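# Results of the structural survey
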Amino acid sequence: MIASFAGVVMGFGTLIFLITMLVIGISKCSSSSDEGESGTADVKPNSVIRISLDQELPELTDNVASQGSFSLEDSGTPGLRATIKALEYAKTDSDIKGIYMDLETQPMGAATRSSLRNALLDFKKSGKFIIAYSTRYSQGSYYMASVADKVYLNPQGSIEWAGIAAQIPFFKGMFDKLGISAQVYYAGKFKSATEPFRRTEMSSENKVQVREYMEANYQMMLSDIAASRKMEYSELRHLADEFIIRTPYDALSHKMVDGLKYKDEILTELRKLLKLTKKDKINSIELADYVLANPEKAGSGDGEIALVYAEGSITDGKSDGGGIGGDTYSALFRKLREDEDVKAIVLRVNSGGGSALASELMWRELELCKQEKKTVIVSMGDVAASGGYYIAANADKIFAENNTITGSIGVFGMIPNAGKFMREKLGITYDTLKTGKYSVAAQRNIYYEFNESEGAIIQQMIDSTYHNFLTRVANGRKMTVEQVNEIAQGRVWTGKKALELHLVDSIGGLQDAINTAATFSKLKKYKLAQYPKPKKPLEILLNKLKGGTSGDDAAKAIIRQQLGDELFQQFLLLERVRKMSGVQMRMPFEVILN
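What you see is a predicted model; the values in this text were computed from it and never measured.

As a further point, take the overall build of the protein chain. Scanning the protein chain from terminus to terminus reveals 22 helices and 20 strands. Across the 594 residues of the protein chain, 52% fall into the buried class. Once local pairs closer than 6 in sequence are excluded, the contacts in the protein chain between residues at least 24 apart make up 75%. Summed over all atoms, the accessible surface of the protein chain reaches about 27700 Å², with 51% contributed by carbon and sulfur.

Next up, the structure:
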């Protein structure tokens, strides 16, 4: 019922949004100026790049619709690879003298944050400066800021430095009060994705895996900061464990920052670094604008390497608003397989999974690509778990970041039963006629309680899908089913641990995967083509008006703005439950470090 209500809210919000945006969009189209292509920017001499990172950074440029970001402004949202490539270019760009980081919170995954931080460390090799400033550093933003030559804090500001915590919401108590039960069937003792609907607290197995991932990620973060700030790891941990950094002066005295300054003092320092007078204007360009002004060139050569981004939830049917639709991606892989110019496919996975059927369809097409002698290399981002790992398992080589969430080899199915709610709360009853013993159960409607024999059949289906998952991984990783089962059970691992368990082949980033694809395919020079091609905002809007589904993301944008990021994540959880169909392969938990 809650998910249905969410659907009504989204539908109503979309209607209002679309009517308004259509008028605005038409107005924008009819009053275009002679300013040239949108997304271009003028990089002036003696400039600094301003980095705020207050928005999500997708893998693929403009592929943010599925996260609730939507705008008719066709300025583009740079992807992670495009951003890293632009920072590489900035090292030798004579117009760029340094970077000014103006940071607070950062809604991005651990692997994304680490990759971007490494790019900033690489930028420092040019000898150009990096200055960081904030009125409030979250732990994630301080992690990024720690690469800077100087880290400054507002005299009345703060640093959140107390370690990592994970809070998982549980809905079972609410469901009990409403008379709704979650009929859950799963394979894998660590497969905890359904726990919020069948428990009131975390299982001991889930606590083990969440704590292990959090601790590993925390240790990586502390080690990186210690190296950049020339501090001891043990000291940083002690400062967090005892919550010692309570005031700006605590941060200064313990050398976590280099000074306490107001914004005008930061600007004065920037002018000195740029050799400007007090009256001179500081030329700055936003990182997003700089990325779009310096797009990566596709290159040319004897063949093409297709870089395919699989980002978001895996769903049946066509891709909706930036997610991974099984039919859409299967068709894409088929097209690449039939293209003689394509010599290799690099699949960049950033997904916690979803539909088992859609995952299988994509797995099959990738297997056919290999049979056609096309190299298939996988690069894992923030997460490649469950269905996300399923589609990666048979690659010729798999790369992961140290803190990539990977594994979660497990399966579940969940069918809510709202019969008691309808009967006792609303006075609605159901009478049934059927031609077969399992006719009603097969429909899996939400008003029916499965009996023991019906539940056993569903569990058998879950177990069968789990065995198929184990087999796919065993064949792809050249292991036995028994060996995979020992490290599966729905459990997630860090990329570093996954390397030890032979679930991945190497620790590295996307460029490492591309280089390997070129080597395996014997390509010295090649064209790099990126897929899928994101739709323009106005195209998404018009598609919705024609009956498409992508415009639902417009409503999500409204809801996100009203709820805020934290509550919006809970909304997305319920919305995913509403859209679930068939057996699922999904990651058992989510950890967000702001």
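Moving on, there is more to tell.
Let's shift gears to a nonpolar patch on the surface. Together, Leu 426, Ile 428, Tyr 430, Ile 446 and Tyr 447 make up an exposed nonpolar region whose accessible area comes to about 440 Å². You can see Ile 428 is positioned in the loop between α15 (419–425) and α16 (439–443). Looking at Ile 428, the relative accessible area reads 35%, which means it is partly exposed.

The next thing to look at is the packing of aromatic side chains. On inspection of all chains with the given rule, the structure shows 8 aromatic pairs. Taking the centre distance of 5.5 Å and the plane angle of 25 degrees together, the rings of Phe 171 and Phe 197 count as stacked. In this pair, Phe 171 sits in the loop between β4 (150–159) and α5 (172–178) while Phe 197 sits in helix α6 (residues 195–198), placing the two residues 26 residues apart along the sequence. According to the relative accessible area criterion, Phe 171 is buried, its value standing at 12%. One aromatic cluster is present, formed by Tyr 137, Tyr 142 and Trp 161 through successive ring pairs. The lysine or arginine in question, Arg 472, covers the ring of Trp 363, its NZ or CZ lying 3.7 Å from the ring centre. Its end group placed over the ring of Tyr 531, Lys 533 keeps NZ or CZ at 5.0 Å from the ring centre.

What follows is about the side chain of Asn 403. Structurally, Asn 403 is set in the loop between β14 (397–400) and β15 (405–407). Using a relative accessible area of 4% as the deciding quantity, one classes Asn 403 as buried. If near-sequence neighbours (up to four positions away) are discounted, Asn 403 is found in contact with Ala 110, Ala 111, Ser 114, Tyr 213, Asn 217, Met 220, Asp 382 and Gly 495.

What follows covers the environment of Ile 130. For Ile 130, the location among the structural elements is in strand β3 (residues 129–137). Through-space distance from the C-alpha of Ile 130 to that of Val 147 is 7.9 Å; in sequence the pair is 17 residues apart. For Ile 130, the residues in contact, after removing those within four places along its chain, are Ile 99, Met 101, Leu 120, Phe 123, Lys 124, Ala 148, Asp 149 and Lys 150.

Turning to the environment of Thr 112, a few remarks are in order. Within the secondary structure, Thr 112 sits in helix α3 (residues 110–124). A relative accessible area of 2% places Thr 112 in the buried class. The spacing of Thr 112 and Asp 382 is 270 residues in sequence and 6.1 Å in space, taken between C-alpha atoms. Excluding anything up to four places from it in sequence, Thr 112 contacts Leu 57, Glu 59, Leu 80 and Asp 382.

This paragraph deals with unusual backbone geometry. Across the junction of Tyr 531 and Pro 532, the peptide omega takes the value -10 degrees, indicating a cis bond. Its place among the elements puts Pro 532 in the loop between β19 (527–531) and α21 (537–545). Within the chain, Lys 255 stands out as a residue other than glycine whose phi angle is a positive 65 degrees. Secondary-structure assignment places Lys 255 in the loop between α9 (248–253) and β6 (259–260). For Lys 373, which is not glycine, the phi dihedral falls at a positive 70 degrees. Positionally, Lys 373 belongs in the loop between α13 (356–371) and β13 (375–385).

A few words now on the pattern of salt bridges. Applying the stated criterion to the full structure yields 22 salt bridges. Notably, a salt bridge pairs Arg 229 with Asp 258, separated by 2.9 Å at the nearest N-O pair. With a gap of 29 residues between them, Arg 229 in helix α7 (residues 204–229) and Asp 258 in the loop between α9 and β6 connect regions that are remote in the sequence. Under the relative-accessibility criterion, Arg 229 is labelled buried at 13%. Between Glu 500 and Lys 497 there is a salt bridge whose closest N-O contact spans 3.3 Å.

Another point: helix α8 (residues 233–241). By the burial criterion, the buried members of α8 are Leu 236, Arg 237, Leu 239 and Ala 240. Down the axis of α8, the sector holding all buried residues measures 160 degrees, keeping them to one side. Opposite the buried face of α8, by more than 90 degrees, sit the exposed residues Ser 234 and Asp 241. Trailing α8 by a residue or two, Phe 243 shows a phi angle of about 50 degrees, which is positive.

Conventions used here
Residues numbered from 1 in each chain as written. Predicted model: local features only at pLDDT ≥ 70, side-chain atom pairs only at ≥ 80, totals over all residues. Heavy atoms only, no water. Helix = DSSP H or I, 4+ residues; strand = E, 2+ residues; numbered from the N terminus. Buried < 20%, exposed > 50% of the residue type's maximum accessible area, 1.4 Å probe, protein only. Contact = heavy atoms within 4.5 Å. Areas by Shrake-Rupley, 256 points an atom, 1.4 Å probe, with all protein chains shown as cover. Patch = residues over 30% accessible without salt bridge, like charges linked within 9 Å, V, L, I, M, F, W, Y side chains within 5 Å. Salt bridge = Lys/Arg side-chain N within 4 Å of Asp/Glu carboxyl O. Phe/Tyr/Trp six-rings, centres within 6.5 Å; stacked < 30°, edge-to-face > 60°. Lys NZ or Arg CZ within 6 Å of the ring centre and 35° of its normal. Arc of directions from axis to C-beta.

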